[in-house]
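# Results of the structural survey
The chain contents come next:
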Amino acid sequence: MAEDFMPLLGWDHVELWVGNAKQAAYFYEHAIGFTCTAYAGPETGVRDRASYVLEQGDVRFVVTSALREEHEITKHHARHGDGVRDIALTVPDATEAYRQAVSRGARGVTEPHREEDEFGTVERAAIATYGDTIHTFVSRAGYAGPFLPGYVSISENGHADPGVGLLNIDHIVGNVELGRMNHWVEFYERVFGMTNILHFGDDQIQTEYSALMSKVMSDGSGKVKFPINEPAEGKRKSQIEEYVEFYGGAGAQHLALASSDIVGTVEAMKERGFRFLDTPDSYYDEAPGRVGEIAEEWPILQEHKILVDRDDDGYLLQIFTKTAQDRPTVFFEVIERHGATTFGEGNFKALFEAIEREQALRGNL
Ligand code: FE2
């Protein structure tokens with residue numbers, strides 16, 4: 001049903017609503033190598049909030065906090081902690097994307113509107129997805145400014161430096177409440193015309209203690225991919241349940257960022273103080289037999305605890321960070337693909353066991 005595809009040009013940006021955007025921006029700059037390229041706040045005529053735009057490769061994050069108690073962002077932060085508010089998508093025509101989405105049953109959050117300044121015009125509109133998360137549609141073909149009207153450039157030459165080598169967003173995973181995965185899978189099918197490219201039942205993703213189910217939704221081009229997880233019954237509390245409990249509902253669990261040199265990226269992030277999940281050395285007894293020949297050296301991957309998986313199209317390297325805030329909620333993945341189009345399912349068990357060790361330390365297992 002090709003006519004049902006909503007035309008998406010790709011990821012526009014991810015906006016995190018946080019408690020202290022000034023300090024969060026410092027973290028993304030110094031721990032993950034982003035360049036702070038633009039700012040909006042009281043000094044630029046925005047009275048109620050401060051926002052910092054952070055860029056690396058084609059990845060663009062915005063961190064925003066409110067300046068007063070009685071504010072939607074402050075309430076969001078009280079409920080969720082630092083978290084992803086907006087997974088914004090670039091579209092050819094935001095008004096048309098909004099109109100289609102709402103006619104297919106999405107809940108509108110912001111009506112289509114135009115914003116302009118001396119750099120041109122941007123059109124935006126937003127719809128709701130899982131939890132308090134939204135998708136803003138952005139059409140920016142007529143805009144040449146630093147980010148959006150209201151923002152001023154704050155990078156020296158207007159460009160981000162290479163940072164730690166992160167290139168683009170690969171996928172963004174949502175955790176939803178027990179029994180709600182298929183609801184959101186159907187939402188992405190109906191509203192975006194996405195297709196389910198992979199699914200895992202609870203028999204496939206299970207450790208000794210915890211279980212989950214997962215389905216991956218993708219747009220026609222394969223550029224925008226949304227895996228959706230829900231908790232499943234296990235011996236102890238599922239890590240997805242832990243997330244939902246501490247996030248106060250459904251939300252974005254991890255943002256996977258692509259690198260073409262994962263070893264270099266991970267070394268640079270570690271040097272900057274970023275912490276990654278550990279993997280037992282026993283993983284590296286089993287992995288070469290499962291994965292077969294790869295270009296990288298196993299001892300170097302083992303030293304950094306980088307995971308490897310293979311599918312019909314190739315292999316991939318990946319590693320997961322510890323959570324980026326005190327609540328056991330949002331974390332990051334660094335991924336390097338060599339043809340593989342899947343998500344490292346062969347590593348799910350190793351990943352989940354690593355998360356469970358963290359969960360046990362928090363007393364939540
Ligand atoms: Fe992932």
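Remember, it's a predicted structure, so these values are computed and weren't measured experimentally.

Turning next to the layout of surface pockets. In this approach a probe as big as a water molecule rolls over the atoms, and the regions it shows empty are the leftover space. Of the volumes computed, that of the largest pocket is approximately 470 Å³. Around the largest pocket, the lining is made up of 25 residues, and of these E15, W17, R49, D86 and R124 lie nearest the centre. Of all the secondary-structure elements, those providing two or more residues to the lining of the largest pocket are β1 (10-17), β3 (49-56), β5 (83-90), β6 (108-117), β7 (120-128) and β8 (134-139). Tallying contributions element by element places β6 first for the lining of the largest pocket, with 4 residues. Residues that form the lining of the largest pocket fall into these classes: 11 nonpolar, 6 polar and 8 charged.

Taken as a whole, this structure holds 2 cavities of 30 Å³ or more when the rule is applied. Along the wall of the largest cavity there are 21 residues; nearest its centre are V173, N229, Q253, H254 and F348. Its residues placed into classes, the lining of the largest cavity shows 12 nonpolar, 7 polar and 2 charged. Estimated volume of the second largest cavity: approximately 50 Å³. The wall of the second largest cavity is formed by L277, D278, T279, K305, L307, I319, F320, A350, L351 and A354. Considering every element that reaches the lining of the second largest cavity, the biggest residue donor is helix α9 (residues 348-361), with 3 residues. Here the residues of the lining of the second largest cavity are counted per class, giving 7 nonpolar, 1 polar and 2 charged.

Of all hydrophobic cores here, the largest spans 88 residues; its most connected members are F61, V63, F137 and F192. The biggest single contributor to this core is helix α4 (residues 181-192), with 7 residues. Counting contributing residues, this core receives three or more from each of domain 1 (2-158) and domain 2 (166-362). Not counting residues up to four positions away in its chain, the partners in contact with F61 are V14, L16, Y28, F34, Y52, V53, L54, L255, L257 and F332. One finds A40, Y143, F147 and L148 within the second-largest nonpolar core, a separate group that totals 11 residues.

Further remarks concern the packing of aromatic side chains. Across all of its chains, the model carries 23 aromatic pairs by this definition. A ring pair is formed by Y283 and Y284, whose centres lie 4.8 Å apart and whose planes are at 75°; its orientation type is edge-to-face.

Taken as a whole and judged by the stated rule, the model has 17 salt bridges. The salt bridge partner of D170 is R337, with a shortest N-O separation of 2.7 Å. In this pair, D170 is assigned in strand β10 (residues 166-175) and R337 in strand β17 (residues 331-338), connecting sequence segments 167 residues apart. By relative accessible area, which is 6% here, D170 ends up buried. The exposure class of R337 is partly exposed, given its relative accessible area of 24%. Salt-bridge contacts for K322 lead to E358; the nearest nitrogen and oxygen are separated by 3.2 Å. You can see K322 sitting in the loop between β16 (314-320) and β17 and its partner E358 sitting in helix α9, a full 36 residues away along the chain. Owing to a relative accessible area of 21%, K322 belongs among the partly exposed residues under this scheme. Sharing partners across several salt bridges, the network here consists of D12, R60 and R140.

Attention now moves to the coordination of the iron ion. Listed as protein donors to the iron ion are H171 (NE2), H254 (NE2) and E333 (OE); their distances from the metal cover 2.0 to 2.1 Å. Counting the intervening residues between successive donors of the iron ion yields the motif H-x82-H-x78-E. Placement of the pair is H254 in strand β14 (residues 251-259) and E333 in strand β17, with a sequence separation of 79 residues. Residue H254 shares its accessibility class with E333, and that shared class is buried.

Considered domain by domain, the chain is made up of domain 1 (2-158) and domain 2 (166-362). For domain 1 and domain 2, the distance between their C-alpha centroids amounts to 24 Å. Counting residues at the interface gives 44 residues for domain 1 and 42 residues for domain 2. Approximately 3,500 Å² of surface area, both sides summed, lies buried where domain 1 meets domain 2, with 66% of it carried by carbon and sulfur atoms. Three residues, F5, W11 and Y130, lead the burial of domain 1 against domain 2; their summed loss comes to 22% of the area buried on that side. Inspection of the domain 1/domain 2 interface yields 0 salt bridges. Taken together, the connections running from domain 1 to domain 2 amount to 17 residue pairs in polar contact (both at pLDDT 80 or more). Where the side of domain 1 that touches domain 2 is concerned, the elements lending two or more residues are β1, α1 (21-32), β4 (59-66), α2 (72-80), β5, β7 and β8. Of all the elements, α1 adds the most residues to the side of domain 1 that touches domain 2, at 6 residues. When the residues that make up the side of domain 1 that touches domain 2 are grouped by side-chain class, the tally is 22 nonpolar, 15 polar and 7 charged.

Rules used throughout
Residues numbered from 1 in each chain as written. Predicted model: local features only at pLDDT ≥ 70, side-chain atom pairs only at ≥ 80, totals over all residues. Heavy atoms only, no water. 1 Å grid on protein atoms, 1.4 Å probe; cavity = no way out; pocket = protein on both sides within 12 Å on 5 of 7 lines; lining within 4 Å. Points joined across faces, edges and corners; volume = space filled by probe spheres on them. Helix = DSSP H or I, 4+ residues; strand = E, 2+ residues; numbered from the N terminus. Nonpolar A, V, L, I, M, F, W, Y, C, P; charged D, E, K, R; others polar. Core = buried A, V, L, I, M, F, W, Y, C linked by side-chain atoms within 4.5 Å. Buried < 20%, exposed > 50% of the residue type's maximum accessible area, 1.4 Å probe, protein only. Domains from an automatic or database assignment. Contact = heavy atoms within 4.5 Å. Phe/Tyr/Trp six-rings, centres within 6.5 Å; stacked < 30°, edge-to-face > 60°. Salt bridge = Lys/Arg side-chain N within 4 Å of Asp/Glu carboxyl O. Donors = N, O, S within 2.8 Å, 3.2 Å for Na, K, Ca; no water. Buried area = accessible area lost by both parts, 1.4 Å probe. Polar contact = N/O pair within 3.5 Å; in protein donor to acceptor, adjacent residues only side chain to side chain.

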